[in-house]
Structures are given as structure tokens and as C-alpha cells.
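Residue strings, one per chain:
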Amino acid sequence: MNIRPYEEKDRKVVIALWNQCGLLAPQNDPHKDIDRKLKVDADLFLVGVVGSDVVATVMGGYEGHRGWINYLAVSPDHQRKGYGQAIMKAVEGLIMAKGCPKINLQVRNTNQAVIAFYNAIGYGQDQVVSLGKRLEHDN
């Protein structure tokens, strides 16, 4: 798998991949999420390509205190091949190069397979409660 920055030509297939992986939520418009990401640290939005097919994505972020991971997806047809680990290692390296000391991420507590994946690559559950407030309603 070749890992490279997201390009606008990837939009349709990236959104289809997110849908296939169950990452889309009614309150988030994926087009708006991509547009927002391209305005801030676009270099941390990566895709993994096999042949000419986008099979993996990840959006990283760093706001000066903590790094964040969003939209990690690997096509079900390409899971268990090390692609998730590879794209995570790539984005972690980019975030670390920006001076970031720690990365946070959120996983729906019902998604036990993904929690197990993150545990296997060194992420652990922090003893915190995640809170959020929508400042813009996409839908």
C-alpha cells in the first residue's frame, strides 16, 4: 500500500469507503468534514492506495496540545493486511514531527473490534469522559 496525502480526486471514493466502514453519522456531512480538514493541517489527511484504489484513510490533527485521529478506515476487503497499522504509523510520525506529545482518539463504545485494533497498536483507554458540543449542525 502506498500512503500519500489526500487529493480532491479522492473525495467520492473516500466518502464511499467511510460509508462502507460505518464511519458516517447523520450529524456529520462528510463533504463538510473534508472541506474543514483541508483548511487545517491538510498534510495530516492521508489515503492508502493499492494499485489505483483508495483502500484506507486517516485524518490527523494537532492543535498545539494534543494530536487527534479521525476517520481511520480500511476497506473490509483489505483488512488484516497491516494497512491500518501502516497508515496510523504514517500519521503518527507526521503529528510527532509537529511537536505533539500525545494523540487522542474516540471510538464508539459499541465498536469492540476497532477498540481491540487500537489496543493492539499501543493505545489505551484514558480515564476520562468525552464531552462534546456542536457549534454547527451539518444536517
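Residues numbered from 1 in each chain as written. Predicted model: local features only at pLDDT ≥ 70, side-chain atom pairs only at ≥ 80, totals over all residues. Heavy atoms only, no water.

Secondary-structure assignment places Asn-104 in strand E5 (residues 103-105). Take Asn-104: its relative accessible area is 14%, and that puts it in the buried class. Those residues in contact with Asn-104 that lie beyond four places of it in its chain are Arg-66, Gly-67, Trp-68, Ile-69 and Asp-126. (Helix = DSSP H or I, 4+ residues; strand = E, 2+ residues; numbered from the N terminus. Buried < 20%, exposed > 50% of the residue type's maximum accessible area, 1.4 Å probe, protein only. Contact = heavy atoms within 4.5 Å.)

The next thing to look at is the sheet that holds strand E2 (residues 45-50). As summarised here, the arrangement of the five strands in space is E1-E2-E3-E4-E5, forming an open sheet in which the pairing is mixed. This sheet does not close on itself; its edge strands, each paired only once, are strand E1 (2-5) and E5. Strand-to-strand twist in this sheet, taken as the mean axis angle between neighbours without regard to direction, amounts to 30°. Pairing between strand E4 (residues 67-74) and E5: three bridges, direction parallel. Along E5, the bridge assignment pairs Trp-68 with Asn-104. Sitting on the sheet, helix H1 (residues 11-20) is in contact with E2, strand E3 (53-62) and E4, with an inclination near 85° to E3. (Pairing = 2+ DSSP bridges. Axes fitted to C-alpha atoms, helices over the stretch in contact; angles between N-to-C directions.)

Before going further, it helps to examine helix H2 (residues 30-39). Given 3.6 residues per turn, any residue in an α-helix points the same way as the ones three and four places further on. Among all positions of H2, only Pro-30, Asp-33, Ile-34 and Lys-37 are buried. Here the buried residues of H2 occupy an arc of 100° about the axis, which is enough to place them on one side. On the buried face of H2, the contacting elements are H1, E2, E3 and E4. The N-terminus of H2 is capped by Asp-29, whose side-chain oxygen sits 2.8 Å from the backbone nitrogen of His-31. (Arc of directions from axis to C-beta. Polar contact = N/O pair within 3.5 Å; in protein donor to acceptor, adjacent residues only side chain to side chain.)

On to the pairing of E4, then. With six of its eight residues buried, E4 lies for the most part within the structure. Note that E3 and E4 share six bridges and pair antiparallel. Looking across to E4, one finds that Thr-57 is bridged to Ala-73. Linking E3 back to E4 in an antiparallel pair, the connection comprises four residues, with Gly-64 at a positive phi of about 100°.

Here Thr-57 lies in strand E3. According to the relative accessible area criterion, Thr-57 is buried, its value standing at 0%. Engagement of the side chain of Thr-57 in a polar contact is seen with the backbone oxygen of Tyr-71, the distance being 2.8 Å. With residues near it in sequence (within four places) discarded, Thr-57 still touches Val-14, Leu-17, Trp-18, Leu-46, Val-47, Tyr-71, Leu-72, Ala-73 and Ile-87.

So, about the pattern of salt bridges. Pairing between side chains becomes possible if they bear opposite charge and their charged atoms approach one another. Taken as a whole and assessed by the stated rule, the structure comprises ten salt bridges. In this structure, Lys-9 and Glu-7 form a salt bridge, with 3.3 Å as the shortest nitrogen-oxygen distance. Lys-9 gets classed as exposed once you look at its relative accessible area, which sits at 65%. Under the relative-accessibility criterion, Glu-7 is labelled partly exposed at 33%. A salt bridge links Asp-43 to Lys-98; its shortest N-O distance comes to 3.4 Å. One end of the pair, Asp-43, is in the loop between H2 and E2; the other, Lys-98, is in the loop between helix H3 (83-97) and E5, with 55 residues separating them in the sequence. Each of Arg-4, Glu-7, Lys-9 and Asp-10 takes part in a single network of salt bridges with overlapping partners. (Salt bridge = Lys/Arg side-chain N within 4 Å of Asp/Glu carboxyl O.)

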